Amino acid sequence: MDKEKKILYSGMQATNTLTLGNYLGALKNWVSLYNEYECFYGVMDLHSLTVRQVPAEFRKNARSLYALYIAAGLDPEKSCIYFQSHVSAHAELAWILNCFTYMGELSRMTQFKDKSAKHEDNVNAGLFTYPVLMAADILLYQADVVPVGVDQKQHLEITRDIAERFNNIYGDVFTIPEPYIGKKGAKVMSLADPEKKMSKSDENQNATVFLLDDKDTVIRKFKRAVTDSGAEVKYAEDKPGISNLMEIYGGVTGKSFEEIEREFEGKGYGDFKLAVGEAVSDELAPIRKRYDELMADSAYIDKCIKENDDKARYVSNKTLRKVRKKVGLTELIL
Ligand code: TYM
């Protein structure tokens, strides 16, 4: 396939507000990469349905996520930011790809195992085939690169397996995508338990920093962050608390671990925690401000959604038409 620029594709689930993990593991990289690539970013609302949602809240969260993408620095005029559920090609290709995906490979997905343990009363088929919808998202846009956090790496691997399997049967239909995982912040851990990933749904209020937290809240959460024994600011496997804070500080400031160690030589954990809290809240303040402005401008958001949905439909339908033809579905009579 001839492409002027390589294609970047990514997205996030439309549940709750984003966390610092989503930001450092994904969104910040999206912003830094978007000049080099032709970019598509989805608000992944169909994926969110695998967990029961309260409809009015869900709708609000999805729109809020759309605005947050822009507030964090994505430009809806230069990249295509759209809603997954507004482009029916996603669900259609997911069905076709379901028929090229094995139960065995889906049952090996760690996210499926984790989520089914967490939502024992609702282990639905969507949760099981979730990675197939994700593969459809990526493959529809012929993506070359997919910037994600470490937790999505396995889903990228299955996407590549499905694409290769399909290409082996039908020829060169899909581009095989590569994951892009940033050097820092690819796995931000909980502030309350540094052995656990920072997550939107953590019940502990102090575990997770949200993108829309105000300055006082951010600083308070970092002051309370669990650290390790000892007093030295040093990156080490047996210091998961401090190492996590160093990942965060490095992710936000761009400083290396050596630079951070030097900066805090002779200073205690207290000073370091405060510095991390301040650096994070300085990074988030302009995002929060821009977010508030965007949410007050409904007409602008609507215009962006409409234009970008149309573009996403156009691009994805090209791939879908090809797939339909390859697998032998009867052509549409228009
Ligand atoms: P989601 O919504 O769980 O997370 C969105 C992005 O944030 C990253 N992330 C983290 N990175 C570092 N530390 C953390 N603690 C942390 N928590 C989350 C995730 O790795 C992800 O990059 N299945 C995807 C959504 C999706 C998608 C796609 C992504 C659907 N279709 C197509 C890429 C391409 C998900 O649930 O992400």
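The coordinates are above.
Parameters at a glance
Per chain, residues are indexed from 1 in the order of the written sequence. At least 70 in pLDDT is required for a residue's local features to be given in this predicted model, at least 80 for side-chain atom pairs to be given and counted, and no such filter applies to totals for whole chains, interfaces and linings, which use all residues. Hydrogens are left out, water is left out, and the side-chain values use all remaining heavy atoms of the structure. Put simply, DSSP marks the helices as runs of H or I at least four residues long and the strands as runs of E at least two long, and each gets a number from the N terminus on. For the radius of gyration, the atoms used are the C-alpha atoms, and the globule rule reads 2.2 Å times the number of residues raised to 0.38. For every residue, the accessible area (1.4 Å probe, protein chains only) is compared with the maximum for its type, and the residue is labelled buried under 20%, exposed over 50%, or partly exposed between those bounds. Between two residues, a contact is recorded if the distance between any of their heavy atoms is within 4.5 Å. Per-residue accessibility takes into account occlusion by the displayed protein chains alone, with areas from the Shrake-Rupley method and a 1.4 Å probe. The charge count includes Lys and Arg as positive and Asp and Glu as negative, but it does not include His or the ends of the chains. By convention, the charge on Lys lies at NZ, on Arg at CZ, on Asp at CG and on Glu at CD. Among the buried residues, those of types Ala, Val, Leu, Ile, Met, Phe, Trp, Tyr and Cys that are joined through side-chain atoms within 4.5 Å form a nonpolar core. Where each domain begins and ends follows an automated or database-derived domain assignment.

Trainee: Teacher, can you tell me more about the overall build of the protein here?
Mentor: Scanning the protein from N- to C-terminus turns up 13 helices and five strands. In terms of overall size, the protein behaves like a compact globule, its C-alpha atoms giving a radius of gyration of 21 Å where 334 residues would be expected to give roughly 20 Å. Evaluated residue by residue, the protein yields a buried proportion of 51% over its 334 residues. Once local pairs closer than 6 in sequence are excluded, the contacts in the protein between residues at least 24 apart make up 75%. Accessible surface for the protein amounts to roughly 16,300 Å². Of this, 50% is attributable to carbon and sulfur atoms. For the protein, the separation between the mean place of its 46 positive charges and that of its 50 negative charges on side chains is 3 Å.

Trainee: Explain the nonpolar core here, please?
Mentor: One broad trend across soluble globular proteins is that nonpolar side chains are buried collectively. Of all hydrophobic cores here, the largest spans 61 residues; its most connected members are Leu27, Tyr69, Phe222, Phe272 and Val280. It is helix H12 (residues 269-295) that provides the largest number of residues to this core, a total of ten residues. A domain split of this core shows at least three residues from each of domain 1 (6-185 + 298-327) and domain 2 (215-293). For valine 280, the contacting residues outside a window of four places in its chain are Leu20, Val209, Val218, Phe222, Ile248 and Val252. Judged by nonpolar contacts, the second largest core, of 42 residues, contains Tyr130, Met134, Ile138 and Val173.

Coordinates in, geometry out; function isn't part of it.
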